[in-house]
Amino acid sequence: MHSNYVPEHSVDGLLTYANVRQQARLKPERILLIALLLLTLALRVTHINYNTLFVDEAIYATLGHEVMNENFSQNAPSWMFGSYLYPYIVGVADELGGVVAIRLLSALLSMMAVVFVYLTAKSIFGEMAALAAVLIFGLTGPSISLGQQAVIDALSMPLLAMALYLIITAALTPDRERQYLVAAGIAFTLSFLAKYISVLLLPALFGVWVVLHIFDGKSLWKIFTGFKWIWFVLPVALIAGIYGAVFSAELREVFKAENATQIATRLDVVNTVVQEIGIGVVLALLGLALVLVEAYRAIRPVAPATRRAQIRFRIQFVLIALGMTGALFSMQLYHFATANIRSLWKHDVFTLVFLAPLAGYAIVRLIRYAQTVSGSNARERRMFIAAVLFTTSVLFVNNAQNMNWSYQYSWPNASRTVRFLKTLDLSRDSFVMAAGSTVYEYYLQLRGDNRTLWFSMWFMEYQGTFGEQAIRSAVGNCALEVVILDDYYSPEWNPVLIPLLDQAGYQMVFSDLQVLSFGDPIGTRVFLPGDWGACGSRVENG
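Keep in mind that what you see is a predicted model, and the values were worked out from it rather than measured.

J.: Kindly report on the environment of Thr272, identifying the contributing residues and their values.
T.: Assignment of secondary structure puts Thr272 in helix 13 (residues 266-299). Owing to a relative accessible area of 17%, Thr272 belongs among the buried residues under this scheme. Note: C-alpha distance between Thr272 and Ile471 (199 residues apart in sequence) is 35 Å. Ignoring any residue separated from it by four or fewer positions in sequence, one finds Thr272 in contact with Ile341, Leu344 and Asp348.

Right under this line is the structure:
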């Protein structure tokens, strides 16, 4: 007798058997989810070795090796905008598999964010909206690109997505709310420790929890006097408080933001946001408007409420709606207010964690509206809505691919320069000044414990002097064994340094010219002390 035999007279057995067979078959939604997840992963890993490391990636990888060797001489928390959490993790990954491993780590972390975005949207808006949210978040150009870059954002962003899901689950699960709030607080704190900028989205994170309770019929007064929020605040205050006390001096230094400023026009800031996540923003704003309308209808006071009570409610509702909208776009408001465009594209992905579920909800509502259109010209209107959705989807995917390709080739490939440097007799203690110095240190394997940093134009030290004075003195005395200039990382120094190098007797022995994705030619040049002239005579005279 076969093990799956069910007696014909057993109705219960037949029902149980039918249920098992039904559960064994994947629903179309699950098949689509698996397909979307595989696609989002493939877009991140199929061309993971697209370019040599960007300078930020090289910084975190080389720093990670120092942290693993308990070398904290760089005092990184004073300039890194994050703790040692990510450098240590990426250092371990680099030991295991080099460039492929550290970028694969980012891809997997990005997929973690995609999963939590799906769970967030599903818990609030349902499975179809969650699938649309995965499409918006997973296939947006900046999201794909961040999933291919080994930087601190790659860890901070998925932890923020986890915190969002946990805090929503807390609001929807009253019997276990405290446990979920504690978990959400820990996840958010880790996100903050990975990259401090995530603190800007704390109001949005906490606001979501408040709004869900308002939907549940609670007043703001009851929400705050219930003190359940304390379970979220406690781990944040405890962990961040201890970290702040230990690294107070470094935090004061880093929040001056002297090393993270790239001033642009505010129009450039707006244009960047529109180009990077514009479609997602429009759909999310539509979804937010739909949610607000539903919320207003669900919680507005009805008769016999007084007119004064109704007016007070409307004012409070508008203030909450505006406050929540502002909180969702706090990252973009920061960049707009400061006119600082540095890392804006990465911070757009942080914001997309919150926007994608709303955008997914808007897409589902549009599809449902198209399905229910009736009356005269109903067929034409349905066709129009379908055409708009199809055209938007095509433009979205095409734009994402273009943005990702542009990102991958937006900095110079250092391969040729590295091959040339390998022909020189350089060591960890060589006195080298290079634009993007850590890129060359990484590929020449000059990383780890007990090494002397190669200097860059951003930081130079020579005979007790620093900055420009140190650079001029080191070049003038022919102290630098190698000088590497390029038109990408420190182009502002080229008009100053090239005449100084020529005057001191340095000779250009290597050059490489590349045209990057934005169309400009970028040159890299290597200079060595000359065998003759001013530099040669100084070298000979010791």
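J.: Describe the pairing of strand 5 (residues 506-515), and please don't skip the residues or the numbers.
T.: Regular strands have side chains that alternate between both faces of the sheet. Where strand 5 lies against strand 6 (residues 521-529), 9 bridges are found, and the strand directions are antiparallel. The residue bridging Leu513 from the neighbouring strand is Gly523, located in strand 6.

J.: Go over the nonpolar core, please, and point to the residues and values.
T.: Core analysis: the largest hydrophobic core is formed by 152 residues, its most contacted members being Phe137 and Met460. Not counting residues within four places of it along the chain, the set of residues in contact with Met460 comprises Phe431, Met433, Phe455, Thr465, Phe466, Gly467, Ala470, Ile471, Ala474 and Leu480.

J.: Give a detailed account of helix 20 (residues 467-476), specifying residues and quantitative values.
T.: What helix 20 keeps buried is the set Ala470, Ile471, Ala474 and Val475. Buried residues in helix 20, looked at end-on, bunch into an arc of 125°, giving them a common side. Buried-residue contacts for helix 20 involve strand 1 (432-434), strand 2 (461-462), strand 3 (465-466), helix 21 (494-504) and strand 5. Trailing helix 20 by a residue or two, Cys478 shows a phi angle of about 55°, which is positive.

J.: How would you explain the pairing of strand 4 (residues 482-486) if you had to name every residue and give the values?
T.: Most of strand 4 is tucked away: 5 of the 5 residues are buried. Judged by which residues are buried, strand 4 turns out to be covered on both faces: Val482, Ile484 and Asp486 on one side and Val483 and Leu485 on the other are all buried. The pairing of strand 1 with strand 4 spans 3 bridges and is parallel. Directly across from Val432, in strand 4, lies its bridge partner Val482. Bridge count between strand 4 and strand 6: 4 bridges; the pairing is antiparallel. The residue bridging Asp486 from the neighbouring strand is Thr524, located in strand 6.

J.: Tell me about the packing of helix 2 (residues 28-45) against helix 5 (residues 127-138), residues and numbers included.
T.: Their axes nearest at 10 Å, the elements helix 2 and helix 5 cross at an angle of 10°. For the element pair helix 2 / helix 5, the angle class is roughly parallel. For the pair formed by helix 2 and helix 5, the contact residues are Glu29, Arg30, Leu32, Leu33, Leu36, Thr40 and Arg44 on the first element and Glu127, Met128, Leu131, Val134, Leu135, Phe137 and Gly138 on the second. In terms of residue class, the contact of helix 2 with helix 5 is built from 8 nonpolar, 2 polar and 4 charged.

J.: For the sheet that holds strand 5, give the residues involved together with the corresponding values.
T.: Across the sheet, 4 strands lie side by side as 1-4-6-5; this open sheet has mixed pairing. Looking at which strands have only one partner, the edges of the open sheet turn out to be strand 1 and strand 5. Neighbour-to-neighbour, the strand axes of the sheet open up by a mean angle of 10°, direction not taken into account. With respect to the sheet, helix 21 is in contact with strand 1, strand 4, strand 5 and strand 6, its orientation differing from that of strand 4 by roughly 145°.

J.: Explain a nonpolar patch on the surface to me, using residue names and the numbers behind them.
T.: On the surface, Met68, Tyr88, Ile89, Val92 and Leu96 cluster together into a nonpolar patch covering about 450 Å² of accessible area. At 4 residues, helix 4 (residues 85-125) tops the list of elements feeding residues into the nonpolar patch.

J.: Mind laying out helix 21, listing which residues take part and the relevant values?
T.: Within helix 21, the full set of buried residues consists of Asn494, Leu497, Leu500, Leu501 and Ala504. One side of helix 21 holds all its buried residues, which, seen down the axis, span an arc of 140°. Structural note: helix 21 exposes Pro495, Asp502 and Gln503 on the side pointing more than 90 degrees away from its buried face. Where helix 21 ends, the next residue or the one after it, Gly505, has phi of about 100°, a positive value.

J.: Go over the pattern of salt bridges with me, naming the residues and quoting the values.
T.: Close approach of charged atoms lets side chains of opposite charge pair. Summed over all chains, the structure comprises 10 salt bridges. Residue Arg30 is joined to Glu127 by a salt bridge in which the shortest nitrogen-to-oxygen separation is 3.0 Å. On the criterion of sequence distance, the pair formed by Arg30 in helix 2 and Glu127 in helix 5 is long-range, its members being 97 residues apart. Exposure remark for Arg30: the relative accessible area of 33% places this residue in the partly exposed category. With a closest N to O distance of 2.8 Å, Arg416 and Asp512 form a salt bridge. In this pair, Arg416 sits in helix 18 (residues 415-421) while Asp512 sits in strand 5, placing the two residues 96 residues apart along the sequence.

J.: Just give me the short version of unusual backbone geometry, but keep the residues and values in it.
T.: A positive phi angle, near 55°, is found at Glu70, a position not held by glycine. Positionally, Glu70 belongs in the loop between helix 3 (55-68) and helix 4. Its identity as a non-glycine residue notwithstanding, Phe227 has a phi of 60°, on the positive side. Relative to the helices and strands, Phe227 resides in the loop between helix 10 (220-225) and helix 11 (230-246).

J.: Just give me the short version of the side chain of Ser145, but keep the residues and values in it.
T.: If you trace the backbone, Ser145 turns up in helix 6 (residues 141-146). According to the relative accessible area criterion, Ser145 is buried, its value standing at 2%. A polar atom in the side chain of Ser145 sits 3.1 Å from the side chain of Asn404. Those residues in contact with Ser145 that sit more than four places away from it in its chain are Trp345, Met403, Asn404 and Tyr407.

J.: Pulling in residues and values, what's your account of a positive patch on the surface?
T.: Judged by side-chain charge, Arg297, Arg300, Arg307 and Arg314 come together as a positively charged surface patch. Structurally, Arg307 can be placed in helix 14 (residues 307-328). The exposure class assigned to Arg307 is exposed, which follows from its relative accessible area of 62%.

J.: Outline the packing of aromatic side chains, supporting the account with residue identities and numerical values.
T.: The geometry of two aromatic rings is summed up by the distance between their centres and the angle between their planes. According to the stated counting rule, one finds 30 aromatic pairs in the structure shown. A centroid spacing of 5.1 Å and a plane angle of 65° characterise the contact between Phe72 and Tyr84, whose relative ring orientation is edge-to-face. Highlighted residues: Phe72 in the loop between helix 3 and helix 4 and Tyr84 in the loop between helix 3 and helix 4, separated in sequence by 12 residues. Judged by its relative accessible area of 44%, Phe72 is partly exposed. On the accessibility criterion, Tyr84 (16% relative accessible area) is buried. Taken together, the ring pairs in this structure connect Tyr50, Phe54, Trp345, Tyr407, Trp411, Trp458, Tyr488 and Tyr489 into an aromatic cluster. Of note, Arg103 hangs over the ring of Tyr50, and the distance from its end group to the ring centre comes to 4.2 Å.

Conventions adopted
- Residues numbered from 1 in each chain as written.
- Predicted model: local features only at pLDDT ≥ 70, side-chain atom pairs only at ≥ 80, totals over all residues.
- Heavy atoms only, no water.
- Helix = DSSP H or I, 4+ residues; strand = E, 2+ residues; numbered from the N terminus.
- Buried < 20%, exposed > 50% of the residue type's maximum accessible area, 1.4 Å probe, protein only.
- Contact = heavy atoms within 4.5 Å.
- Pairing = 2+ DSSP bridges.
- Core = buried A, V, L, I, M, F, W, Y, C linked by side-chain atoms within 4.5 Å.
- Arc of directions from axis to C-beta.
- Axes fitted to C-alpha atoms, helices over the stretch in contact; angles between N-to-C directions.
- Parallel < 35°, antiparallel > 145°, perpendicular 65-115°, else oblique.
- Nonpolar A, V, L, I, M, F, W, Y, C, P; charged D, E, K, R; others polar.
- Patch = residues over 30% accessible without salt bridge, like charges linked within 9 Å, V, L, I, M, F, W, Y side chains within 5 Å.
- Areas by Shrake-Rupley, 256 points an atom, 1.4 Å probe, with all protein chains shown as cover.
- Salt bridge = Lys/Arg side-chain N within 4 Å of Asp/Glu carboxyl O.
- Polar contact = N/O pair within 3.5 Å; in protein donor to acceptor, adjacent residues only side chain to side chain.
- Lys, Arg positive; Asp, Glu negative; His and termini not counted.
- Charge placed at Lys NZ, Arg CZ, Asp CG, Glu CD.
- Phe/Tyr/Trp six-rings, centres within 6.5 Å; stacked < 30°, edge-to-face > 60°.
- Lys NZ or Arg CZ within 6 Å of the ring centre and 35° of its normal.

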